[in-house]
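Geometric and topological summary
Chain by chain, the residues run as shown.
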Amino acid sequence: MSTTQVAQPMTDAGVDQLCINTIRTLSIDAVQQAKSGHPGTPMALAPLVYTIWNRVMRFDPQDPIWPNRDRFVLSNGHASMLLWSVLHLTKTQAVNADYERLGQPSVTLDDIRRFRQLDCKAPGHPEYHWVSGVEATTGPLGQGVATSVGMAIAQKWLATRYNRAGFEMFDYKMYAVCGDGCMMEGIASEAASLAAHLGLDNLCWVYDNNHITIEGNTRIAFTEDVATRFLGYGWNVLRVGDANDTDRIEHALEVFRRTKGRPTFIILDSHIGYGSPHKQDTAEAHGEPLGDEEIRLTKRSYGWPENAKFLVPEGVYEHFAAGIGARGAKARQEWTKLFDAYRRTYPELAAEIDQMQRRELPAGWDRNLPVFPADAKGMAGREASGKVLNVLAQNIRWFLGGSADLGPSNKTLLTFEGAGDFQADTPGGKNLHYGIREHAMGAIVNGISLSKLRAFGATFFIFSDYLRPAIQLSALMELPAIFVFTHDAMGDGEDGPTHQPVEHLASLRAIPGLVTLRPADANEVVEAYRCIMQLRHKPAVLALSRQPLPTLDRSRYAAASGVAHGAYVLADAPGGNPEVILIASGSEVSLAVNAHETLLAEGIRSRVVSMPSWDIFDHQTQEYQDSVLPPNVKARVAVEQASTFGWERYVGTSGHVIGMKTFGASAPLKELQRKFGFEPDRVVAAAKEQLGRAAADKP
Ligand SMILES: Cc1ncc(C[n+]2csc(CCOP(=O)(O)OP(=O)(O)O)c2C)c(N)n1
Ligand SMILES: [Mg+2]
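Residues numbered from 1 in each chain as written. Chains lettered and ligands numbered in written order. Predicted model: local features only at pLDDT ≥ 70, side-chain atom pairs only at ≥ 80, totals over all residues. Heavy atoms only, no water.

The next thing to look at is the coordination of the magnesium ion (ligand 2). Around the magnesium ion (ligand 2), the donor atoms from the protein are D180 (OD), N210 (OD1) and I212 (O), and they sit 2.1 Å away. Assessed through its relative accessible area of 6%, N210 is described here as buried. The class of I212 is buried, set by a relative accessible area of 9%. (Donors = N, O, S within 2.8 Å, 3.2 Å for Na, K, Ca; no water. Buried < 20%, exposed > 50% of the residue type's maximum accessible area, 1.4 Å probe, protein only.)

Within this structure, the stated rule accounts for 30 aromatic pairs. Measuring from ring centre to ring centre gives 3.7 Å for F230 and F265, while their planes differ by 5°; the resulting arrangement is stacked. On the criterion of sequence distance, the pair formed by F230 in helix α8 (residues 226-233) and F265 in strand β9 (residues 264-269) is long-range, its members being 35 residues apart. No difference in accessibility class separates F230 from F265, as the two residues are buried. Taking 5.0 Å as the distance between ring centres and 80° as the angle between the ring planes, the aromatic pair formed by W614 and W647 counts as edge-to-face. Taken together, the residues span a long stretch of sequence, with W614 in helix α21 (residues 614-618) and W647 in the loop between β21 (636-643) and α23 (648-651) at a distance of 33 residues. For W647, a relative accessible area of 0% corresponds to the buried category. Over the face of the ring belonging to Y346 we find R164, whose NZ or CZ atom lies 5.6 Å from the ring centre. (Phe/Tyr/Trp six-rings, centres within 6.5 Å; stacked < 30°, edge-to-face > 60°. Helix = DSSP H or I, 4+ residues; strand = E, 2+ residues; numbered from the N terminus. Lys NZ or Arg CZ within 6 Å of the ring centre and 35° of its normal.)

With that out of the way, let us pick up the site of ligand 1. Close contacts around ligand 1 come from 15 residues, with T41, H78, G181, N210 and H286 the closest. The separation between an oxygen atom of ligand 1 and a polar side-chain atom of H78 is 2.7 Å. N210 is positioned such that a nitrogen or oxygen atom in its side chain is 2.6 Å from an oxygen atom of ligand 1. Considered on its own, ligand 1 offers 580 Å² of accessible surface; in the complex 74% of this is hidden by protein. Mapped onto the shell around ligand 1, the elements with two or more residues apiece are α6 (180-184) and β6 (212-213). (Near = heavy atom within 4 Å. Polar contact = N/O pair within 3.5 Å; in protein donor to acceptor, adjacent residues only side chain to side chain. Areas by Shrake-Rupley, 256 points an atom, 1.4 Å probe, with all protein chains shown as cover.)

This paragraph deals with the sheet that holds strand β11 (residues 399-403). Read across the open sheet, the 6 strands follow the order β12-β11-β13-β14-β16-β15; overall the sheet is parallel. Two strands in the sheet have a free side with no partner beyond their single neighbour: β12 (431-433) and β15 (515-517). Each strand of the sheet is rotated relative to its neighbour by a mean of 20°, with strand direction disregarded. The pairing of β15 with strand β16 (residues 540-544) spans 3 bridges and is parallel. When the sheet's bridge partners are listed, V515 is paired in β16 with A540. (Pairing = 2+ DSSP bridges. Axes fitted to C-alpha atoms, helices over the stretch in contact; angles between N-to-C directions.)

For the structure shown, the criterion picks out 32 salt bridges. For D16, the salt bridge identified is with R55, shortest N-O distance 2.8 Å. Taken together, the residues span a long stretch of sequence, with D16 in helix α1 (residues 12-34) and R55 in helix α2 (residues 40-56) at a distance of 39 residues. The network of salt bridges with shared partners includes D16, R55, D247 and E250. (Salt bridge = Lys/Arg side-chain N within 4 Å of Asp/Glu carboxyl O.)

This part takes up the packing of α2 against helix α12 (residues 316-345). Following both chains from N to C, one finds α2 and α12 inclined at 60°, their axes separated by 7 Å at the closest point. Of the possible angle classes, the one that applies to α2 and α12 is oblique. Residue-level contacts link Y50, W53, N54, R55 and V56 of α2 to H319, F320, G323, I324 and R327 of α12. Looking at the contact of α2 with α12, its residues break down into 5 nonpolar, 3 polar and 2 charged. (Parallel < 35°, antiparallel > 145°, perpendicular 65-115°, else oblique. Contact = heavy atoms within 4.5 Å. Nonpolar A, V, L, I, M, F, W, Y, C, P; charged D, E, K, R; others polar.)

On to the sheet that holds β9. Pairing is parallel in the open sheet, where 5 strands are placed in the order β1-β4-β5-β9-β8. At either end of the open sheet lies a strand with only one pairing partner, and these are β1 (71-74) and β8 (236-240). Here the strands of the sheet are splayed against their neighbours by 20° on average, with no regard to which way each runs. Both β1 and strand β4 (residues 174-178) contribute to a ladder of 4 bridges, which runs parallel. In the strand pairing of β4, F72 is matched with Y175. Seen against the sheet, helix α9 (residues 246-258) touches β4, β5 (203-209), β8 and β9 and runs at an angle of roughly 170° to β8.

Counted by the stated rule, this structure contains 3 cavities of 30 Å³ or more. As for the largest cavity, its lining consists of M356, R359, E360, L361, W398, K452, R454, P480, L535 and R536. One number sums up the size of the second largest cavity: a volume of about 50 Å³. Around the second largest cavity, the lining residues are K634, A635, S654, Q690, R693, A694 and D697. Here the lining of the second largest cavity is built from residues that sort into 2 nonpolar, 2 polar and 3 charged. (1 Å grid on protein atoms, 1.4 Å probe; cavity = no way out; pocket = protein on both sides within 12 Å on 5 of 7 lines; lining within 4 Å. Points joined across faces, edges and corners; volume = space filled by probe spheres on them.)

Attention now moves to α8. Among all positions in α8, only V226, A227, R229 and F230 are buried. Mapping the buried residues of α8 onto a view down its axis gives an arc of 160°, with all of them on the same face. More than 90 degrees from the buried face of α8, the exposed residues found are L231 and G232. Just downstream of α8 lies G234, where phi reads positive at about 105°. (Arc of directions from axis to C-beta.)

Attention shifts here to helix α24 (residues 669-676). Buried residues of α24: L669, L672, Q673 and F676, and no others. Here the buried residues of α24 occupy an arc of 100° about the axis, which is enough to place them on one side. In α24, the exposed positions that point more than 90 degrees away from the buried face belong to K670 and K675. The inward-facing, buried residues of α24 contact β21 and β22 (656-660). Of the residues flanking the end of α24, it is G677, one or two places downstream, whose phi is positive at about 90°.

A positive phi is found at R116, a non-glycine position, where the angle reads about 70°. Positionally, R116 belongs in the loop between α4 (109-113) and α5 (143-162). You can call R116 partly exposed: its relative accessible area is 28%. Although it is not a glycine, D405 sits at a positive phi angle of roughly 70°. The residue D405 is located in the loop between β11 and α15 (407-410) in this model.

Dropping the structure here:
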């Protein structure tokens, strides 16, 4: 590693500038070396990020998962070189998925040299889980700022539950940096509106007001008055007119820390590509390497050795060590000492904090889960879900959530004594009211989950599309977020096709790492939650019925605990030797059982497989999968009130799928079931037709 004295004599301001220019030049060099990336914004925002990290933030590079650390979210994730530079310069340490410190740096200078290359710890955009010190995966614009609102909610909740007189166990702040793109995205508006409503004074967004996006100057598409907009939401709006003025930036951040009752929005006027003679203030600086000649000129303007590459001058590491390093270590040590005393005084609360940090469940987390007796009339999936949620949220103190204004319909309201509403003046409540802001809800659930609480968000299944990008990110980040979606098919009958999901199951099943579950009756709902709550690194989606579903007689059919395998043999042919298999999920399982009974009465050996989750089933051993779907039984019918897309993988190319190939319609459910073929006779006929084919295929 090269260390060169660059600027002398070294005044404090000189060292600050040296550190800032190190961030700038590392970013420039990394992008040039990779021949791709975004140099301009790191060049402009280096003073901001330097000030937040080295002067203000309470973060100990030695332990990037210390629970009371301040959070930094780079919502304009394309400027990732800012993060790789500071993680490197602060010598932030790596931790693994088991939360163990690995004794090695999170981002090395070599990683920066290999920016954007396979397996290096300086990928194109910030990746939570992949690089220690990244608090949230960002890149899809707007997600980061919305996620930071979830983090701020979590901090308020933690402080309310765990802080005691003399024991401020949680008093950390959220800093999110964003650009024009984040400001234009709807999700940011949803999240900003809720953040102000909730009075989240622990939250600061810094808006990089550079008037540049990819297509050019923002005058072509974005001319609103952002300051007035945020004043309208109820934020504390500040402005720093010069992105190079670290003292003003520091002062604004101080004002944020003193401001009570509302979040702070700092508008920072900056010049993208700062210092580049030909590219400053142009869209080219956004996403293209500067080029060798321009780099030389830019470095000259910084007073930097023109031909040095990946240079970290003498004194830079030391200056970060003396700044954030010393401040963070002291803060963490004091906190750890305080926590030891807290543990002695409040052992139960301390145990909760410990368990939560490791994503463990408390002892007895599943006690009192209901068991529903057989009942032909049955219970709606959403109804059973509501009962289960109310038990779980009592057993697991740090489990909270809510709906996007559909609580009474989703049955997600927590009604037990002390559950309470989460509001500005009651930040210990467990019922979140996201308002009709599905997309922000998704990101907020992620932000709360990143804070190690368990959180759920709810809406109608059809509107899962409104938050799909956040669900996808929860899978990418491997967060145990929970999404409760009711009105999962055509049960909404008269509301018509705008309220009847068709392609949503297929679309969610296609997200890698997401567990999608569509339980068949009230007891499967219980078992679905039992699976979900034990997930530590995967998000889950529940698709629940609006209408009552018969509660199956489990003394006659197999136990609902089979849900844990994703699919299981619910009802079988005598002797367990089926000639035709009916596979169904959710509301269509009892339909398949009806058809099965008819087939049995006619002497046809059918089997019913309840398949609430493709994902879980696909992770079972081949032996188990073959025991449920014996490869030699080719006569197969799948029934699901959703797009048929993808069912071939279970019924084979010769199998039959009764599903949706069009959108639904507005009519009472019974008529829709008739129109679209979800009736026992149709299933029976399809099974017989399959048997006929299978017989014809036999040599
Ligand atoms: C949701 C989403 N849409 C589009 C993009 C592609 N994209 C990446 S950066 C960018 C422009 C962002 O402009 P701004 O936030 O002002 O960033 P600056 O160039 O000023 O750093 C776009 C459109 C994206 N990353 N996410
Ligand atoms: Mg911009």
